[in-house]
Amino acid sequence: MFGIIDDDTILAGLSTDVYFLRTEEVLANKGINPNVVAEVTTPATGILSGVDDVAHLLKGKPLDVYAMENGTLFYPREPVLYVEGRYLDFARYETSILGLLCHASGIATKAFKIKAAAGEKRVVSFGSRRQHPCLAGVIEKNAYLGGMDGVSNHAGAQLAGLQAEGTMPHALIICFGEQVKAWQSFDDVMPKDVPRVCLCDTYADEKTESVLACTNIRDLSAVRLDTPSSRRGDFQAIVNEVRWEMDIRGCSNVEIFVSGGLDEQDVRDLRDVVDGFGVGSKVASAPPIDFAMDIVEKEGEFVAKRGKLGGKKQIYRDWSTLDDMILLSGTEEKLDLEGREPLLVPVLQDGKIVADFPLEKARELALSQLKFCEESFI
Ligand code: PCP
C-alpha cells in the first residue's frame, strides 16, 4: 500500500538494478563465475554504519565478509568492507549492499557533525517526519549511532531499542486555544517521568510565553523555542532575552531548547546560550555517502578498473592519533605495525555471522573519535 519493498524481496536480491540480473544470466550462460574480492570505498570521510544490515543480507551464502565496525571513522579510498567468494553468489546484492551502507552512514555522519557542533549540549533527532514513515527505525538508529543524544519517533526508537523523547506540538496549544491551559493540561495528564517542556512560541513572542510558562508550570523543565524563520531575526538575541527574563524570575534552572531548520552552523552559533537542540531535516535527510563496490581481485590476480586500487587490503589504525595505513593483504610482516590495529575484521565466514553489532558500542566508538577529527571534516 505504501510502496515499500518487503524484507523477502530484498533478501532474494530483487531490489537490485536490472543490469545485475542480466549480468548473472550472461555469466551463467557462458559458464563464468570467478572467485573474486570486491571492496567498498568512497572519496568521502565519514562514520560507517549499516555493516549489520549487510551481514543479515548476505547471511547463509558461501561468502566471507570483512568490514570496519559500525561507528568507525573512515577516510577517503579506504575499503570499509569487502566480500570474498564466487561472483554469482553476490552479484545481484551490490545495489542493496551499497544502499544499506550509503544511507545508514550518511545519517550517522551528519549526526556526528551535529554532535560535534553541539559539544556538551544535547541534540535530539526530530526528523522522521522528513522521510517515508517506513524508514523511521533506520533514521533513529543511525542518528543515535552517529552521536544524537535522543530520538523522537515512537516506533523508530522501539525498533532501535531506544526510548523516544519529545516535547509538545503547536497543535496541542491550538486545540486548547491558549498556551497556559494547554501546558497545565499536559502537566495534569502526563506521568511524572515525562519532562515538562513547554513550547513557547505559538501566539506571542518567546519572552512573553516563556515567562508565562515559568510562572504557571511548577516543575517546568525547559522551554522550547521553535521560532519560525520569518520571525527569527537574531535568534541568539531572542534566546538571551528569554534567559534573562527567566533568570530574574528565579527560573535559572529552566533550560532552553531550540528547534526548526537547524544545521551545524546554527548549532555552533547557539550552543553557548541554549541547553539543547532538536534537529530534523538535516539529519534525517542527510546526503548518502557515495560508496562504490569494485572487484579488486579475480582468481588471486590483482584487477581493478580505472580510478581504483587493485588487490585485497587491510587498514592498520593507530588509535591514539586515528592515523591509518592502507596495506596490501599479506605484506604486513615487512612493516613495523606496532601500536596499530587492523580495522577490517570478519563479519561473515562462509555465510555465518561471526560479529555482533551492539548499538551503544558503535555510538561510543563514533564519539570516541570526535576529539581527533580535523575541523575541515566536522
Ligand atoms: C519541529 C520544528 C520542525 C521540526 C520539528 C524539526 O516541529 O518546527 O518543523 O525539523 P527541521 O529541523 O527539519 O525543521 P514542531 O514545532 O514540533 O512542529 P509543529 O509546528 O508541527 O508543531
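Residues numbered from 1 in each chain as written. Predicted model: local features only at pLDDT ≥ 70, side-chain atom pairs only at ≥ 80, totals over all residues. Heavy atoms only, no water.

Caption draft 1: How the structure looks around the overall build of the protein. Assigned secondary structure in the protein consists of 14 helices and 18 strands. Projected onto its principal axes, the C-alpha coordinates of the protein cover approximately 75 × 50 × 35 Å. Within the span of the protein, comprising 378 residues, buried residues form 48% of the whole. Sequence-distant contacts in the protein: of pairs separated by 6 or more residues, those separated by 24 or more amount to 70%. Total accessible area on the protein stands at roughly 18,500 Å², and carbon and sulfur atoms take up 51% of it. The average position of the 41 basic charges and that of the 59 acidic charges among the side chains of the protein differ by 3 Å. (Helix = DSSP H or I, 4+ residues; strand = E, 2+ residues; numbered from the N terminus. Buried < 20%, exposed > 50% of the residue type's maximum accessible area, 1.4 Å probe, protein only. Contact = heavy atoms within 4.5 Å. Areas by Shrake-Rupley, 256 points an atom, 1.4 Å probe, with all protein chains shown as cover. Lys, Arg positive; Asp, Glu negative; His and termini not counted. Charge placed at Lys NZ, Arg CZ, Asp CG, Glu CD.)

Caption draft 2: Representation of the sheet that holds strand E16 (residues 340-342). Reading across from one edge, E15-E14-E16 is the order of the three strands in this open sheet, with antiparallel pairing throughout. Pairing within the sheet leaves two strands with one partner each, and these edge strands are strand E15 (323-328) and E16. On average, each strand axis in the sheet is tilted by 30 degrees relative to the strand beside it, whichever way the strands run. Bridging between strand E14 (residues 313-318) and E16 involves three bridges; their strand directions are antiparallel. (Pairing = 2+ DSSP bridges. Axes fitted to C-alpha atoms, helices over the stretch in contact; angles between N-to-C directions.)

Caption draft 3: Structural context of the domain arrangement of the protein. Domain annotation of the protein identifies domain 1 (7-106 + 287-373) and domain 2 (166-284). The C-alpha-based centres of domain 1 and domain 2 are spaced at 44 Å. (Domains from an automatic or database assignment.)

Caption draft 4: Representation of the packing of aromatic side chains within the structure. One pass over the structure, following the stated rule, counts six aromatic pairs. Relative to Tyr82, the ring of Tyr66 lies with its centre 5.2 Å away and its plane at 10 degrees, an arrangement referred to as stacked. In this pair, Tyr66 sits in strand E3 (residues 64-67) while Tyr82 sits in strand E5 (residues 81-86), placing the two residues 16 residues apart along the sequence. Residue Tyr82 is classed as buried on the basis of its relative accessible area of 6%. The ring of Tyr144 is capped by Arg363, whose NZ or CZ atom sits 4.5 Å from the centre of that ring. (Phe/Tyr/Trp six-rings, centres within 6.5 Å; stacked < 30°, edge-to-face > 60°. Lys NZ or Arg CZ within 6 Å of the ring centre and 35° of its normal.)

Caption draft 5: The arrangement of the sheet that holds strand E17 (residues 345-349) in detail. Sheet architecture is open: seven strands sit in the order E13-E12-E1-E5-E3-E17-E18, paired in antiparallel fashion. Looking at which strands have only one partner, the edges of the open sheet turn out to be strand E13 (301-302) and strand E18 (352-353). Two strands pair when backbone bridges link them, and E3 and E17 are joined in this way by three bridges, in the antiparallel orientation. In the strand pairing of E17, Tyr66 is matched with Pro346. Along the sheet face, helix H3 (residues 51-58) touches E3, E5, E17 and E18 and points at about 25 degrees away from the line of E17. Against the sheet, helix H4 (residues 94-118) touches strand E1 (35-41), E5 and strand E12 (292-298), its axis set at about 125 degrees to E12.

Caption draft 6: Looking closely at the nonpolar core. Counting residues in hydrophobic clusters, the biggest one holds 42 residues, and the most contacted among them are Val223, Val258 and Phe277. Excluding residues within four positions of it along the chain, Val223 makes contact with Val197, Cys198, Cys200, Ser210, Ala213, Val242, Met246, Val254, Glu255, Ile256 and Phe257. (Core = buried A, V, L, I, M, F, W, Y, C linked by side-chain atoms within 4.5 Å.)

Caption draft 7: Quick peek at the packing of helix H8 (residues 179-189) against helix H9 (residues 206-216). It is the contact of H8 with H9, at a shortest axis distance of 10 Å, that shows an interaxial angle of 40 degrees. If you check the angle between H8 and H9, you find them oblique. Pair H8 / H9 crosses with right-handed handedness. Contacts between H8 and H9 pair Gln179, Val180, Trp183 and Gln184 from the former with Glu209, Leu212, Ala213 and Asn216 from the latter. For the contact of H8 with H9, a count of residues per class yields four nonpolar, three polar and one charged. (Parallel < 35°, antiparallel > 145°, perpendicular 65-115°, else oblique. Left-handed = near helix turned anticlockwise from the far one by under 90°. Nonpolar A, V, L, I, M, F, W, Y, C, P; charged D, E, K, R; others polar.)

Caption draft 8: Fine view of helix H11 (residues 235-248). With 14 residues, H11 extends 20 Å from end C-alpha to end C-alpha; this agrees with the ideal 20 Å at 1.5 Å per step. Taken as a whole, H11 has its buried residues at Phe235, Ile238, Val239, Val242, Arg243, Glu245 and Met246. Buried positions along H11 lie against H9, strand E9 (220-225), helix H10 (229-232), strand E10 (255-259) and helix H12 (264-270). One side-chain oxygen at the N-terminal end of H11 lies 3.2 Å from the backbone nitrogen of Gln236; it belongs to Asp234. Looking at the residues trailing H11, positive phi occurs at Gly250, about 80 degrees. (Expected span 1.5 Å × (residues − 1). Polar contact = N/O pair within 3.5 Å; in protein donor to acceptor, adjacent residues only side chain to side chain.)

Caption draft 9: View of the site of the ligand. Lining the immediate surroundings of the ligand are Phe126, Arg129, Arg130, Pro169, His170, Arg224, Asp226, Gly260, Gly261, Val279, Gly280 and Ser281. Within the side chain of Arg130, one N or O atom sits 2.8 Å away from an oxygen atom of the ligand. The side chain of Asp226 places a nitrogen or oxygen atom 2.6 Å from an oxygen atom of the ligand. Tallied by class, the residues present in the shell around the ligand amount to three nonpolar, five polar and four charged. (Near = heavy atom within 4 Å.)

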